[in-house]
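# Per-entry structural report
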Amino acid sequence: MTAPAVRIERVSKSYGDVRALIDVSVDVPRGACVALVGESGSGKTTLLRCINRLVAFDAGQITVFGTNVLESDPVALRRAIGYVPQDGGLLPHWRVRRNIALVPWLDGAPDAAARAARAMAAVGLEPGMAERWPHELSGGQQQRAAVARAVAGGQSLVLLDEPFGALDAIARSDLQAMMIALREQSSLTLVLVTHDLTEAFRLATAVVVMRAGRIEQHAPPADIRSAPATPYVAALLARAGVES
Ligand code: ADP
Ligand code: MG
């Protein structure tokens, strides 16, 4: 049996007295898009950042494609896993082309520029954008560039932390459509943090509802809609205006 892309087993994490994650277990199958949803402070970002070891967890185990992340070099791990933070994280003093080519360049790929160009095409960025500075792009274009950077090195697993949360509704919808197309053409595995249930239902193969560091429900979107496991999940659906 092939290992899932990510296996999170009984992971806990505290920041001082704050218990951010309590005994959390989630499998992310290869090719899946798992959405982590829940109120602010529920532990979504902490869980996402445990996967690439930007957060050091206290207990439990995480494997990525079958390898225990604690046995991987953290720098190599972070290079192998795409990561898109909410603000995109583009380096402001580097042109778009260089930002996108960062990982293949660090990997010493002789075709780093060509990889960056392919990634730009895959996210729907005009080639002319390559010579711009990040601040010369719109918010939507910046997030496209951030996604391009996260896949340009051939990463097959990408972690996205509320990547479209700051965009207006039209740009957000366009970026969601782009992510759906990107998944279809490049067989990516995604872990997507979002507070937008509608976005989760549109993009995800499975939705994980988090509450105060624990998992409230983990199910396919249709099941969350039709059979919310707890009054909390039902209330979340009602508040988002999603018909159950
Ligand atoms: P979410 O992404 O769902 O908003 P977070 O994972 O950011 O949740 O936060 C979970 C909890 O951990 C919150 O109570 C938050 O205040 C706390 N927390 C997160 N990061 C830190 C940190 N670096 N230091 C102290 N507390 C933190
Ligand atoms: Mg967060």
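Going by the structure above, here's the rest.
Please read all numbers here as calculations on a predicted model, not as lab measurements.

### Section: the side chain of serine 12
Relative to the helices and strands, serine 12 is located in strand β1 (residues 6-15). Engagement of the side chain of serine 12 in a polar contact is seen with the backbone nitrogen of aspartate 23, the distance being 2.9 Å. Not counting residues within four places of it along the chain, the set of residues in contact with serine 12 comprises Leu21, Ile22, Asp23, Phe57, Asp58 and Ala59.

### A closer look at the site of ligand 1
Every residue near ligand 1 is listed here: Tyr15, Val18, Ala20, Glu39, Ser40, Gly41, Ser42, Gly43, Lys44, Thr45 and Thr46. The contact in question runs from an oxygen atom of ligand 1 to an N or O atom on the backbone of serine 42, over 3.2 Å. At 3.1 Å from an oxygen atom of ligand 1 is found a main-chain nitrogen or oxygen belonging to glycine 43. When ligand 1 is considered free in solution it has 560 Å² of accessible area, and contact with the protein chains removes 58% of it. If you list the elements that add at least two residues to the shell around ligand 1, you get β2 (18-28) and α1 (44-51). Top element by residues in the shell around ligand 1 is α1. It accounts for three residues. Its residues assigned to classes, the shell around ligand 1 comprises three nonpolar, six polar and two charged.

### Points about the nonpolar core
Core analysis: the biggest nonpolar cluster contains 49 residues, and Ile100 and Met179 have the highest contact counts within it. Considering each element in turn, this core owes the most residues, six residues, to helix α6 (residues 139-151). Split by domain, the residues of this core number at least three in each of domain 1 (1-75 + 156-166 + 190-244) and domain 2 (82-154). Excluding residues within four positions of it along the chain, isoleucine 100 makes contact with Ala116, Ala119, Met120, Leu125, Ala145, Ala148, Arg149 and Ala152. Counting residues in hydrophobic clusters, the runner-up holds 30 residues, among them Ile51, Val69, Val191 and Met210.

Criteria and thresholds
- Per chain, the residues get numbers from 1 upward, laid out in the order the sequence is written.
- Each chain is given a letter, starting from A, and each ligand a number, starting from 1, according to the order in which they appear as written.
- Selection of residues for local features in this predicted model requires a pLDDT of at least 70, selection of side-chain atom pairs for listing and counting requires 80 or more, and totals for whole chains, interfaces and linings are taken over all residues.
- Water and hydrogen atoms were dropped before computing side-chain values, which therefore reflect all heavy atoms in the structure.
- A run of H or I in DSSP becomes a helix once it reaches four residues, and a run of E becomes a strand once it reaches two; helices and strands are each numbered from the N terminus.
- Pairing of N or O atoms within 3.5 Å defines a polar contact, subject to two protein rules: one partner must be a possible hydrogen donor and the other a possible acceptor, and residues neighboring in sequence count only if both atoms are side-chain atoms.
- Only heavy atoms matter for contacts: two residues are in contact if any of them lie within 4.5 Å across the pair.
- The rule for a residue being near a molecule or strand is that one of its heavy atoms must lie within 4 Å of it.
- Only the protein chains shown count as cover for residues, with accessible areas throughout obtained via the Shrake-Rupley method and a probe of 1.4 Å.
- Asp, Glu, Lys and Arg are counted as charged, while Ala, Val, Leu, Ile, Met, Phe, Trp, Tyr, Cys and Pro are counted as nonpolar; the rest, among them Gly, fall into the polar class.
- Only buried residues count toward a nonpolar core, which is a set of Ala, Val, Leu, Ile, Met, Phe, Trp, Tyr and Cys residues joined through side-chain atoms within 4.5 Å.
- Summary of the burial criterion: residues with accessible area below 20% of their type's maximum are buried, those above 50% are exposed, and those between are partly exposed, where the area comes from a 1.4 Å probe applied to protein chains only.
- Each domain's extent is set by a domain assignment, obtained either automatically or from a database.

Limitation: the analysis is restricted to geometry and does not speak to function.
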